[in-house]
Amino acid sequence: MKKIILLAIVWCSLVPSLFAQEKEQIGSSYFQAVDEYKVGNYTKSIELIKSLLGDGKSSYEFYALLAFNYDKLNDFDNSYKNMLEARKLKVNDEDLLESSLGILAKYKKWKPSIELAEKAIPLFPTNPEIRYYYALALSERGASKTALSQIEKAKAGSPNDFRMLLLEGKIYYNLKNYDKADVSLRWASSIKDKSYEVWNNLALVQESMFYQHKKLGKKSSANSYLSEAKVFIQKASSLDDSNSTVKENSKRILSISEL
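All residue numbers refer to position in the chain's written sequence, counted from 1. Where local features are concerned, this predicted model is filtered to residues with pLDDT of at least 70; where side-chain atom pairs are given and counted, the filter is 80 or more; whole-chain, interface and lining totals use all residues. Side-chain numbers here rest on the full set of heavy atoms in the structure, without hydrogens or water.

## Brief notes about the overall build of the protein
And then number 1: The secondary structure listing takes helices from DSSP runs of H or I that are at least 4 residues long and strands from runs of E that are at least 2 residues long, numbered from the N terminus. Summing up its helical and strand segments, the protein has 15 helices and zero strands in all.
And then number 2: By the burial criterion, 54% of the 259 residues in the protein qualify as buried. Three exposure classes are used, based on accessible area relative to the maximum for each residue type with a 1.4 Å probe and protein chains only: buried under 20%, partly exposed in between, and exposed over 50%.

Okay, here's the thing in structure tokens:
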């Protein structure tokens, strides 16, 4: 089976913007918990925040930090539960909505992701991250045309974010519009040359164009696409030779013979 890769969701860059209150307002233990989070001591960070909550102190930052810590421990239930608590204390906060969508996307919770994005977009119509997550969820649920409309709007707000282009390329690929998928992914590769996801997906696009031109009897162009597919999948392998999807695609593509 052909497998196209989509970039793993990275959303913890939002953490600093959620921790804005002054030290005297929320206590030094909280900032110690932030420091523990930053160095990967997630359990210790959780203990410190729970101690603050046990003392009767409460802040949306506390729950947000708990959510980030639990996410690092791959605990979706506790991560999302605490993000919901944070949002209760700071209703319709843009960063918290982004983070909530990031959690849902990471754990492939596509239906609630779509529902939340549809509530968030009217509040923040120019936010590219929110539209990105919406497009991602729609794409994963098979609504490729609607997803394409959303990722185009997201890309307009963040044109040099290679994640947007990676997703756009995936959507075009799913729609069998290989020429446009090729353009999106080559643009992504010019921004991030060291992404195995981009090169894997470009290889799949060239492979599909090989079969398309083979069917049309265009041997020369078909072979040219096949040659590129092999170069691209080898580049993906050189960047991550342990990825199972890359291995599977590499084995298949490299076994194809020229016409």
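Still more to cover.
## Section: the pattern of salt bridges
And then number 1: When a carboxyl oxygen of Asp or Glu lies within 4 Å of a side-chain nitrogen of Lys or Arg, that pair is called a salt bridge. Applying the stated criterion across every chain yields a total of 12 salt bridges.
And then number 2: With a shortest N-O distance of 2.8 Å, Lys-111 and Glu-115 are connected by a salt bridge. Taken together, the residues Lys-111 and Glu-115, both in helix α8 (residues 110-120) and four residues apart, mark about one turn of the helix.
And then number 3: We classify Lys-111 as partly exposed; its relative accessible area is 47%.
And then number 4: In this structure, Arg-163 and Asp-161 form a salt bridge, with 2.5 Å as the shortest nitrogen-oxygen distance. The same class applies to Arg-163 as to Asp-161, namely buried.
And then number 5: In this structure, a network of salt bridges that share partners links the residues Glu-129, Asp-161 and Arg-163.

## Let's talk about the confidence of the model for the protein
And then number 1: The pLDDT value expresses, per residue, how confident the predictor is, ranging between 0 and 100. Mean pLDDT for the protein: 89, with 90% of residues reaching 70 or above.
And then number 2: Of the regions scoring below 50 in pLDDT, residues 7-14 engages in 27 contacts with residues more than four places distant in sequence or in other chains.
And then number 3: Contacts are residue-level and defined by heavy atoms, with any inter-residue pair within 4.5 Å sufficient. This model gives residues 20-25 a pLDDT under 50, and the stretch forms nine contacts once residues within four places in sequence are excluded.

## Here's the deal with the environment of Leu-202
And then number 1: Structurally, Leu-202 can be placed in helix α13 (residues 196-215).
And then number 2: For Leu-202, a relative accessible area of 0% puts it in the buried group.
And then number 3: Sequence-distant contacts of Leu-202, defined by excluding residues within four places in its chain, comprise Asp-182, Leu-185, Arg-186, Ser-189 and Phe-232.

## Some remarks on the side chain of Asn-82
And then number 1: Looking at the element boundaries, Asn-82 is found in helix α6 (residues 76-89).
And then number 2: Note on Asn-82: relative accessible area 7%, which makes it buried.
And then number 3: Those residues in contact with Asn-82 that lie beyond four places of it in its chain are Tyr-63, Leu-66, Ala-67 and Tyr-70.

## Section: the packing of aromatic side chains
And then number 1: Only Phe, Tyr and Trp rings are paired, with Trp represented by its six-membered ring, and only when their centres lie within 6.5 Å; those with planes under 30 degrees apart are stacked, over 60 edge-to-face, the remainder tilted. Scanning the model with the defined rule gives 10 aromatic pairs in all.
And then number 2: When the ring of Phe-76 is compared with that of Tyr-107, the centres are 5.2 Å apart and the planes differ by 55 degrees; the resulting orientation is tilted. A residue pair is termed long-range when its members are at least 10 positions apart, and Phe-76 in helix α6 and Tyr-107 in the loop between α7 (94-106) and α8 qualify at 31 residues.
And then number 3: Residue class for Tyr-107 comes out buried when judged on its relative accessible area of 18%.
And then number 4: Each residue in the set Tyr-30, Phe-31 and Phe-62 is aromatic and connected to the rest through ring pairs, giving one cluster.
And then number 5: Lysine NZ or arginine CZ positioned within 6 Å of the ring centre and within 35 degrees of the ring normal marks a charge as sitting over the ring. We note Lys-109 situated over the ring of Phe-76; from NZ or CZ to the ring centre the distance is 4.9 Å.

## Some details on unusual backbone geometry
Glycine aside, negative phi is the norm for most residues, and most peptide bonds take the trans geometry.
And then number 1: Non-glycine residue Asn-92 carries a positive phi angle of around 55 degrees.
And then number 2: If you trace the backbone, Asn-92 turns up in the loop between α6 and α7.
And then number 3: Even without a glycine there, the phi angle at Lys-176 is positive, about 65 degrees.
And then number 4: Accessibility expressed as a relative area gives 59% for Lys-176, which makes it exposed.

## Some words on the environment of Gln-234
And then number 1: Position of Gln-234 relative to the elements: it lies in helix α14 (residues 219-239).
And then number 2: C-alpha separation for the pair Gln-234 and Ser-250, spaced 16 residues apart in sequence, amounts to 7.1 Å.

## Let's talk about the environment of Ser-51
And then number 1: Residue placement: Ser-51 occurs in helix α4 (residues 42-54).
And then number 2: Among the residues examined, Ser-51 registers a relative accessible area of 41% and is labelled partly exposed.
And then number 3: Sequence separation of Ser-51 and Ser-29 is 22 residues, and the distance between their C-alpha atoms is 8.8 Å.

## Considerations on the packing of α4 against helix α5 (residues 60-72)
And then number 1: All axes here are fitted lines through C-alpha atoms, helices being fitted over the stretch that makes contact, and every angle between N-to-C directions spans 0 to 180 degrees. Where α4 contacts α5, the two axes come as close as 9 Å, and the packing angle between them is 155 degrees. It follows from the interaxial angle that α4 and α5 lie roughly antiparallel. Where α4 crosses over α5, the two elements pack in a sense that is left-handed. Across from Tyr-42, Ser-45, Ile-46, Ile-49, Lys-50, Leu-52 and Leu-53 in α4, the residues of α5 making contact are Phe-62, Tyr-63, Leu-65, Leu-66, Asn-69, Tyr-70 and Lys-72.
And then number 2: Residue composition of the contact of α4 with α5, by class: 10 nonpolar, two polar and two charged. For classification, angles of less than 35 degrees are called roughly parallel, those exceeding 145 degrees roughly antiparallel, those between 65 and 115 degrees roughly perpendicular, and all remaining angles oblique. By convention, the crossing between two helices is left-handed when the near helix turns anticlockwise from the far helix through less than a right angle, and right-handed when the turn is clockwise. Classes in brief: Ala, Val, Leu, Ile, Met, Phe, Trp, Tyr, Cys and Pro nonpolar; Asp, Glu, Lys and Arg charged; the others, Gly included, polar.

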